[in-house]
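# Working through the structure, step by step
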Amino acid sequence: MYSSEERSAYFEKAIRKIGASDLVEGIVQLGSGVIGYKDGYSDIDLMVATSKIEDAEITRDFVRETLSDFDKSYVKEKQFSKDIFLVIAIMQNGLEFNVSIVPREFLSVKSPLWKVVVDKTGLVTEKMETENKKFENKPIKYNVGVDVAFEFVYCALALEKELKRNNFIYALKKLEDMRDYTLIVQAFNEDKKLHQFKAYETLNPDFIKSYLSTFSGEVSADNLRVSAEKVKELFMETLNQSSIFSMDHDLEQLLYRNMANIS
C-alpha cells in the first residue's frame, strides 16, 4: 500500500517527465485528485493532450515507456478510437495510473472534476473551458445510451426464462444487470457524477439498505426469484422518483404480469 506522500511524489514525477516531451502540449488531471483524493486508495488519472492528431500513437508509446521506467508491476494499453488511447500502469505498491492520450481537438469534459496542470500553448485550457461550458449547459449531463426501463424489464423476463431452464449462472447475470439499471436511476435521482461512477457508498442510506436487502444466500430458483422481486420493487420505487426516466403503461403491465406469474 502507498502513502499519500508517495502518491504525490509519483504524480509530480509523472507530470514532470511526461510534460517534458515535445509531443505533449498539455496534461489535464481528472478525478478525485483534483479536489483532494477521496481516500488512500485513489488512483492517479491524467489526460495527455497532443497538438497533432498524428502524434497520438507515438505519444502513447512514450507514456507507456515513461511509466514503465517507474517501479511498475504491470502496464496495459487500450484503444478507444483511431486516435484516442489509454495506458494503465500499476505500480509495485498498488498505485494505479490511468493516462489517456487525446489529440487536443478531441478533448472533452465528462465530469466537473478536471484541472489543467500543464499547458504549453494555452490552447488546452481554452479547449477544456469551451468543453466545460458545453457540459454545464447540457440539460442531461450523462447519457447512458439505452432505454433503462425497457432493458430492466427485458432482463426480468430473461431471468425468469433462465430460471425455468435451471440456468442459474445466466439468471444471476440478468439479476445483476437489473441491479445495475436500478443503480443508474438512483445515481441520476441524486444528481451524482455518473461518468465512471463508483462512489455507491455516497448514495442515500435508505436506498443502500434496500439495495443490499435484495441479495439472498444459497443459489436456488426460489432465492433468485425472491431477490428478483425485491429488485423489481426497488427499481419501480426508484424510477417513480426520477424526473428523467419513465416506463410506459404497456411496459409496466408487462413487468407486473411477469411478477404475478412467478408469485
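Our structure is the block above this text.
Every value quoted in this text rests on a predicted model; they were computed, and no experiment measured them. (Residues numbered from 1 in each chain as written. Predicted model: local features only at pLDDT ≥ 70, side-chain atom pairs only at ≥ 80, totals over all residues. Heavy atoms only, no water.)

What follows concerns the pattern of salt bridges. One pass over the full model with this rule turns up 14 salt bridges. A salt bridge links arginine 60 to glutamate 57; the nearest nitrogen and oxygen atoms lie 3.5 Å apart. Of the two residues, arginine 60 and glutamate 57 are both situated in helix 2 (residues 56–68); the distance of 3 residues between them amounts to about one turn of the helix. Arginine 179 serves as the salt-bridge partner of glutamate 176, at 2.2 Å between the closest nitrogen and oxygen. A residue pair is termed a helical-turn pair when its members lie 3 or 4 positions apart in one helix, as glutamate 176 and arginine 179 do in helix 5 (residues 168–189) at 3 residues. For glutamate 176, a relative accessible area of 32% gives the class partly exposed. Assessed through its relative accessible area of 3%, arginine 179 is described here as buried. Connected via shared salt-bridge partners are Glu57, Arg60, Asp61, Arg64 and Glu77. (Salt bridge = Lys/Arg side-chain N within 4 Å of Asp/Glu carboxyl O. Helix = DSSP H or I, 4+ residues; strand = E, 2+ residues; numbered from the N terminus. Buried < 20%, exposed > 50% of the residue type's maximum accessible area, 1.4 Å probe, protein only.)

The next thing to look at is the sheet that holds strand 4 (residues 84–91). By definition, the strands of a sheet pair up through backbone hydrogen bonds, in either a parallel or an antiparallel sense. Pairing is mixed across the open sheet formed by 6 strands, whose spatial order is 3-4-5-2-1-6. Each having just a single partner strand, strand 3 (72–81) and strand 6 (114–119) make up the two edges of the open sheet. The sheet shows a mean angle of 20 degrees between the axes of neighbouring strands, direction not considered. As paired strands, strand 2 (residues 44–50) and strand 5 (residues 96–103) are joined by 7 bridges and run parallel to one another. When the sheet's bridge partners are listed, leucine 46 is paired in strand 5 with valine 99. (Pairing = 2+ DSSP bridges. Axes fitted to C-alpha atoms, helices over the stretch in contact; angles between N-to-C directions.)

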